Amino acid sequence: ENHFSEDLPLKGKKILITAGPTYEAIDPVRFIGNHSSGKMGYEIAEAAMKLGAEVTLISGPTHLSIDEKHINLLRVTSTRDMYEAAHANFAETDVFVSAAAVADYKPKFVADKKIKKNDDSLTLELTKTEDILASLGEEKRGQKLIGFALETNNEEENARKKLKKKNLDFIVLNSLNDKGAGFKSDTNKISIIYPDRKKDFDLKSKKEVAGDILNEIIELFNA
Ligand code: CTP
Ligand code: CA
């Protein structure tokens, strides 16, 4: 197997990746979630491992599996769990890739018993979750930080705001303008945005997109 060879470009590097959705409990049997498949993050994890990196994958609930002999898989459910796993591993990592589709809001109160169907309407009060990536951006001491953005309007401007606000090295903008891009599909069309430049890529499989993102990470180390 070639991932034990000496001359792999990410040999000796530690990479921490989040993937998949997070779920926020409403009561013991219900949650708020999203349709993220986790594919992008899992492809990045596998590609990084094959390039010689030591990989830790923090995954929200997905149907995917991964080579756990060579990748340290930490399974989490809520945003709070993902936040804690990310912070516990951040100091010793070289790169953090935030591919997770993190819930933005969670119920302010979690019912300890199943909510009964009593009234004609039900209002849930929601409160913001922790912004995992932004909190790591404040804590970063030389680690490379990579985020994702999926926008429906003012794509580049919104992505640039996130790049700056979260203190990232680059942000991967997923284009929704092309058929076959996004959450459920196996392909993505991305742009990689740096503070001073932007690179556009063709519509590709998520495996190929993972390769493109890792090439950019390798270039960050060589810069
Ligand atoms: N992210 C995170 N923690 C959150 C929300 C987002 O770590 N609570 C990360 C995502 O993994 C992604 C990046 O931040 O890499 C941008 O996520 P996105 O949902 O596009 O941006 P938000 O900051 O949540 O803003 P909005 O949803 O309003 O566009
Ligand atoms: Ca969000």
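This structure is a prediction, so every number in the text was calculated from the model and none was measured.

Caption draft 1: Examining the packing of helix H2 (residues 79-90) against helix H3 (residues 132-139) more closely. Two numbers describe how H2 lies on H3: the axes approach to 10 Å, and their chain directions differ by 25°. On the basis of the axis angle, H2 is roughly parallel to H3. H3 is crossed by H2, and the crossing has right-handed handedness. In this structure, H2 uses Met82, Tyr83, Ala86 and Phe90 to contact H3, whose residues at the interface are Ile132, Leu136 and Glu139.

Caption draft 2: Highlighting the site of ligand 1. Around ligand 1, the structure places 15 residues, and the nearest of them are Ser98, Val102, Ile132, Leu133 and Gly147. With four residues, the single largest contributor to the shell around ligand 1 is strand S9 (residues 144-150). For the shell around ligand 1, the class distribution of residues is seven nonpolar, four polar and four charged.

Caption draft 3: Layout of the UniProt feature "binding site: CTP" (unreviewed entry) in the chain. The positions that UniProt labels "binding site: CTP" (unreviewed entry) are, in the present scheme, Asp104, Lys114, Phe148, Lys162 and Lys166. In terms of the greatest pairwise C-alpha distance, the residues named above, spread along 63 residues, do not form a single cluster, extending to 37.5 Å across. With respect to the helices, strands and loops of the structure, Asp104 is situated in the loop between strand S6 (95-98) and strand S7 (105-107). Non-local contacts of Asp104, meaning those with residues more than four positions away in its chain, are made with Lys128 and Thr129. Overall, Lys166 belongs to the buried group, with 21 C-beta atoms counted inside 10 Å. Excluding residues that lie within four positions of it along the chain, Lys166 makes contacts with Leu133, Ala134, Gly137 and Gly147.

Calculation rules
Residues numbered from 1 in each chain as written. Chains lettered and ligands numbered in written order. Predicted model: local features only at pLDDT ≥ 70, side-chain atom pairs only at ≥ 80, totals over all residues. Axes fitted to C-alpha atoms, helices over the stretch in contact; angles between N-to-C directions. Helix = DSSP H or I, 4+ residues; strand = E, 2+ residues; numbered from the N terminus. Parallel < 35°, antiparallel > 145°, perpendicular 65-115°, else oblique. Left-handed = near helix turned anticlockwise from the far one by under 90°. Contact = placed C-beta atoms within 7 Å. Near = placed C-beta within 6 Å. Nonpolar A, V, L, I, M, F, W, Y, C, P; charged D, E, K, R; others polar. UniProt positions renumbered as here; feature names shortened; annotations may be inferred. Buried ≥ 20, exposed ≤ 12 C-beta atoms within 10 Å, placed from the backbone.

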